[in-house]
Amino acid sequence: MRFIAVLFSVLLLTASLSQAVGPANVTSKQAQALLAKNAKMVLLDVRTPDEYRQAHLKGAQLIPLGELNRRVQEIPRDRPVLVYCAVGARSSTAASFLSSRGYREVYNMTDGIVGWYNNHLPLQLGR
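Only a predicted model underlies this, so the values are computations on that prediction, with no experimental measurement involved.

Conventions adopted
- Residues numbered from 1 in each chain as written.
- Predicted model: local features only at pLDDT ≥ 70, side-chain atom pairs only at ≥ 80, totals over all residues.
- Heavy atoms only, no water.
- Salt bridge = Lys/Arg side-chain N within 4 Å of Asp/Glu carboxyl O.
- Helix = DSSP H or I, 4+ residues; strand = E, 2+ residues; numbered from the N terminus.
- Buried < 20%, exposed > 50% of the residue type's maximum accessible area, 1.4 Å probe, protein only.
- Contact = heavy atoms within 4.5 Å.
- Polar contact = N/O pair within 3.5 Å; in protein donor to acceptor, adjacent residues only side chain to side chain.
- Pairing = 2+ DSSP bridges.
- Axes fitted to C-alpha atoms, helices over the stretch in contact; angles between N-to-C directions.

Before going further, it helps to spend a moment on the pattern of salt bridges. In the structure shown here, the tally under the stated rule is 6 salt bridges. With a closest N to O distance of 2.4 Å, R53 and D50 form a salt bridge. Placement of both R53 and D50 in helix α3 (residues 49-54) is noted, with a separation of 3 residues, approximately one turn of the helix. We classify R53 as partly exposed; its relative accessible area is 35%.

Okay, unusual backbone geometry next. Phi at H120 takes a positive value of approximately 60°, unusual for a residue other than glycine. We classify H120 as exposed; its relative accessible area is 74%.

Turning our attention to the environment of R90. As for its position among the elements, R90 is in helix α5 (residues 89-100). Accessibility expressed as a relative area gives 26% for R90, which makes it partly exposed. Taking the C-alpha atoms as reference points, R90 and D45, separated by 45 residues in sequence, lie 9.6 Å from one another. Residue contacts for R90: discarding those within four places in its chain leaves V46, R47, T48, E51, L65 and C85. Here E51 takes part through its side chain, which lies 2.9 Å from a polar atom of the side chain of R90.

Read across the sheet, 5 strands follow the order β1-β6-β5-β2-β4 without closing on themselves; strand pairing throughout is parallel. Edge strands, defined here as strands with exactly one partner in the open sheet, are β1 (24-26) and β4 (61-62). Here 2 bridges tie strand β2 (residues 42-45) to β4, and the two strands are oriented parallel to one another. Residue pairing for β4: D45 is matched across the bridge by L62. Contacts from helix α2 (residues 28-37) reach β1, β2, β5 (81-84) and β6 (106-109), with the element oriented near 105° to β1. On the sheet, α5 packs against β2, β5 and β6 and is oriented at approximately 175° with respect to β6.

Below, the structure is given as structure tokens:
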């Protein structure tokens, strides 16, 4: 009987872990399509303020990676979130953090704003 209880517990744990979903990785071209399809998507820039001032995606909300932990409540939980940085490293960290905090639909733009620029997609320059 104890064996059955342990086996059931293991199966239950395995099933719950398989339900845990992390962020989805997308390229800048895929990100553009996601943004075109969903106007309610939150666009989160996790670069520095100086980087943001140089160029950013139109409509992006700036929360530098170092401030994300204390400012996470500024990001709506009921909307999908697309995270980007320069080349995808900081955004990967941020996207994983958001997923671990219960955000259900999180996308990491793996090639960052550099990929966006290299694909000749529109940028907002300056503030």
